[in-house]
Amino acid sequence: MTRTTPPRPVDVAALFPELAAHSTTATRLHPRPGRPTVADSSVGGPLLWPAHEAWPVCDDGEAHYVFRLRTPASVHRDRAILATDEVTDDQRAQLSPPGFSEPHHLVDRPIPMVPVAQLHRRDVPDFVGPDGTDVMQVLWCPLDHPELGHNPRVRLYWRRADDVTEPLAAAPEPPVVSASYLPTPCVLHPERIREYQYGGLLPEDLDARIRDWEDEDEDTYQTDLSLAPGWKVGGFANWSLTDPHPVDCAECGTPMTLLFTADSSEWYGTDGSWRPVEDLPGASARPTEVTIGRGYALYVFRCPTSFDHPPATAMQ
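Reading guide: rules and limits
- Here, residues in each chain are numbered from 1, in the same order as that chain's written sequence.
- Reporting of local features is limited, given that this is a predicted model, to residues whose pLDDT is at least 70; pairs of side-chain atoms are given and counted only at 80 or more, and all residues count toward the totals for whole chains, interfaces and linings.
- The side-chain figures draw on all heavy atoms in the structure; neither hydrogens nor water molecules are used.
- When DSSP locates at least two bridges between a pair of strands, those strands are taken to pair.
- For helices the rule is a DSSP run of H or I covering at least 4 residues; for strands it is a run of E covering at least 2, with both sets numbered from the N terminus onward.
- The buried label goes to any residue with under 20% of its type's maximum accessible area, the exposed label to any with over 50%, and the partly exposed label to all in between, with areas taken from a 1.4 Å probe on protein chains only.
- A 3.5 Å cut-off defines polar contacts: any pair of N or O atoms within that distance qualifies, except that in protein one atom must be a possible hydrogen donor and the other a possible acceptor, and neighbouring residues in sequence count only when both atoms are side-chain atoms.
- Note on contacts: a residue pair qualifies if any of its non-hydrogen atoms lie within 4.5 Å across the two residues.
- Detection works on a 1 Å grid of protein atoms alone, calling trapped sets that fit a 1.4 Å probe cavities and calling open sets with protein on both sides within 12 Å along at least five of seven lines pockets, with lining residues defined by an atom within 4 Å of a point.
- Grid points are joined across faces, edges and corners, and a volume is the space filled by probe spheres set on the points.
- By the convention adopted, Pro, Cys, Tyr, Trp, Phe, Met, Ile, Leu, Val and Ala count as nonpolar, Lys, Arg, Asp and Glu as charged, and the other residues, Gly among them, as polar.
- Put simply, a nonpolar core is a bunch of buried Ala, Val, Leu, Ile, Met, Phe, Trp, Tyr and Cys residues held in one set by side-chain atoms that sit within 4.5 Å of each other.
- Working definition: rings of Phe, Tyr and Trp (its six-membered ring) pair if their centres are within 6.5 Å, and the pair is stacked with planes under 30 degrees apart, edge-to-face with planes over 60 apart, and tilted otherwise.
- All axes here are fitted lines through C-alpha atoms, helices being fitted over the stretch that makes contact, and every angle between N-to-C directions spans 0 to 180 degrees.
- The rule for a salt bridge is simple: a side-chain nitrogen of Lys or Arg has to be within 4 Å of a carboxyl oxygen of Asp or Glu.

Student: I'd like to hear about the sheet that holds strand β7 (residues 135-140), residue by residue, with values.
Tutor: Here 6 strands make up an open sheet; going across it, the order is β2-β9-β3-β6-β7-β8 and the pairing antiparallel. If you trace the sheet from one side to the other, it starts and ends with β2 (32-33) and β8 (154-159), each paired once. Pairing analysis gives 2 bridges linking strand β3 (residues 42-43) to strand β9 (residues 186-187), with the strands arranged antiparallel. Its bridge partner being in β9, Val-43 is matched across the sheet by Cys-186.

Structure, rendered in structure tokens:
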């Protein structure tokens, strides 16, 4: 089933034509639980990974911030039980006890990274990658990294699908994870939309006139009209948690551009205006089960100078 963003309550570009110079496209990925294969674009699904290529691991060990640790199997079990219409007493007894944690010393060993997203160029209009590649793969360490603002460490890989003639049968599984960073396997329903720059980064006069208009209208530029929530490729970052700050490449100092967004929610509130028309009232706004911080988004930036330069992240 496709997913379609409802028309915006107000055509903000008609009210403020100058916004055309501060707009770009983004692809809302619309992940929904399913059974993706290595040949599919997905969130949390299996990756088209060469069997001969070493799987990335995080060996930061004691540098991880450790709170509650779970095995991937227990996370998936609990989610499957809680997704049933009516939880039986026997099922409830199988749930992990509140506050339960696996032994903390398990993080001292190398932690295999977990698949976050696999995106095929054919599926994602805003796909960006090196010439000759048609697959982007996003992985992260499923534990908090204090030096990264208590976010997971992200790694990006690009490849050509036809080059993977012997794919890895199954990815190695980390011994423990933070449940917040283990995505539920989801199929994607990509949709291209247009976004407008975060208000605080617009020219001062334009931002001021938009704020004056908001005082007289119930719709808000930031929440309803400019930046879509949810998992996306491209678009603009929403700096609603902190003031906007530069994100420069650690390798060469070049200002970086937004590549990918992993979000805690697909829309705001129970009846958010960004909820696709195909998702009925009562549908979960958290299909991936990923939580960034206290319900924020993780923005992944790339260096426009070289795809080989490391990505940067910001939680907002």
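Having put the structure on the table, let's press on.
Student: Residues and numbers for the side chain of Gln-137, please.
Tutor: For Gln-137, the position within the fold is in strand β7. Judged by its relative accessible area of 0%, Gln-137 falls in the buried class. Looking at Gln-137, its side chain comes within polar contact range of the side chain of Gln-118, at 2.9 Å. Residue contacts for Gln-137: discarding those within four places in its chain leaves Leu-47, Leu-48, Trp-49, Ala-117, Gln-118, Arg-155, Leu-156, Tyr-157 and Arg-159.

Student: So what about unusual backbone geometry? Which residues, and what values?
Tutor: In this model, His-30 sits at a positive phi of 50°, which is unusual for a non-glycine residue. Residue His-30 is classed as buried on the basis of its relative accessible area of 0%. At Glu-289, a position not held by glycine, the phi torsion is positive, near 65°. Exposure remark for Glu-289: the relative accessible area of 30% places this residue in the partly exposed category.

Student: If you had to explain empty space enclosed by the protein to someone new, which residues and values would you point to?
Tutor: Empty space among the atoms becomes visible once a probe the size of a water molecule is rolled across them. In total, this model carries 1 cavity of 30 Å³ or more according to the counting rule given. Size it by volume and the largest cavity reaches roughly 30 Å³. Together, Trp-231, Asp-263, Ser-264, Ser-265, Glu-266, Ala-285, Arg-286, Pro-287, Thr-288 and Glu-289 line the largest cavity. Residues of the lining of the largest cavity, tallied by class, amount to 3 nonpolar, 3 polar and 4 charged.

Student: Lay out the nonpolar core in plain terms, naming residues and giving numbers.
Tutor: Leu-29, Leu-119, Met-136, Val-138, Trp-140, Trp-231 and Phe-260 are the most contacted members of the largest nonpolar core, which totals 30 residues. For this core, the secondary-structure elements that each account for two or more residues are β6 (114-120), β7, β8, β12 (257-263) and β13 (297-302). The leading source of residues in this core is β6, at 4 residues. Among all residues touching Leu-119, those that are not within four sequence positions of it are Leu-29, Ser-41, Val-124, Phe-127, Asp-134, Val-135, Met-136, Leu-188, Val-233 and Phe-260. Val-247, Leu-258, Cys-303 and Ala-312 belong to the second largest nonpolar core, which has 15 residues in total.

Student: Tell me about the packing of aromatic side chains, and name the residues and values.
Tutor: Throughout the structure, instances matching the rule amount to 7 aromatic pairs. Residues Trp-49 and Trp-55 carry aromatic rings whose centres are separated by 4.8 Å and whose planes lie at 55° to one another, so their mutual orientation is tilted. Given the relative accessible area of 0%, Trp-49 is considered buried. For the ring pair Trp-231 and Phe-260, a centre distance of 5.9 Å and an interplane angle of 75° mean the geometry is edge-to-face. Here the residue Trp-231 occupies a position in the loop between α5 (221-226) and β11 (232-234), and Phe-260 occupies one in strand β12, the gap between them amounting to 29 residues.

Student: Any chance you could break down the sheet that holds β12 for me, citing the residues and the numbers?
Tutor: Spatially, 6 strands are ordered β10-β1-β11-β12-β13-β14 in an open sheet, and the strand pairing comes out antiparallel. Either end of the sheet is taken by a strand with one partner, and the two such strands are β10 (191-196) and β14 (312-315). Within this sheet the neighbouring strands show an average axis-to-axis angle of 25°, counted without direction. Here strand β1 (residues 23-28) runs beside β10; their pairing, made up of 6 bridges, is antiparallel.

Student: Now, about the pattern of salt bridges: what can you tell me, with residues and values included?
Tutor: Summed over the entire model, instances satisfying the criterion amount to 17 salt bridges. Residue Glu-195 is joined to Lys-232 by a salt bridge in which the shortest nitrogen-to-oxygen separation is 2.8 Å. Of this pair, Glu-195 sits in strand β10 while Lys-232 sits in strand β11, and the two are 37 residues apart along the sequence. For Glu-195, a relative accessible area of 0% translates into the label buried. Classification of Lys-232 by relative accessible area gives buried; the value is 1%.

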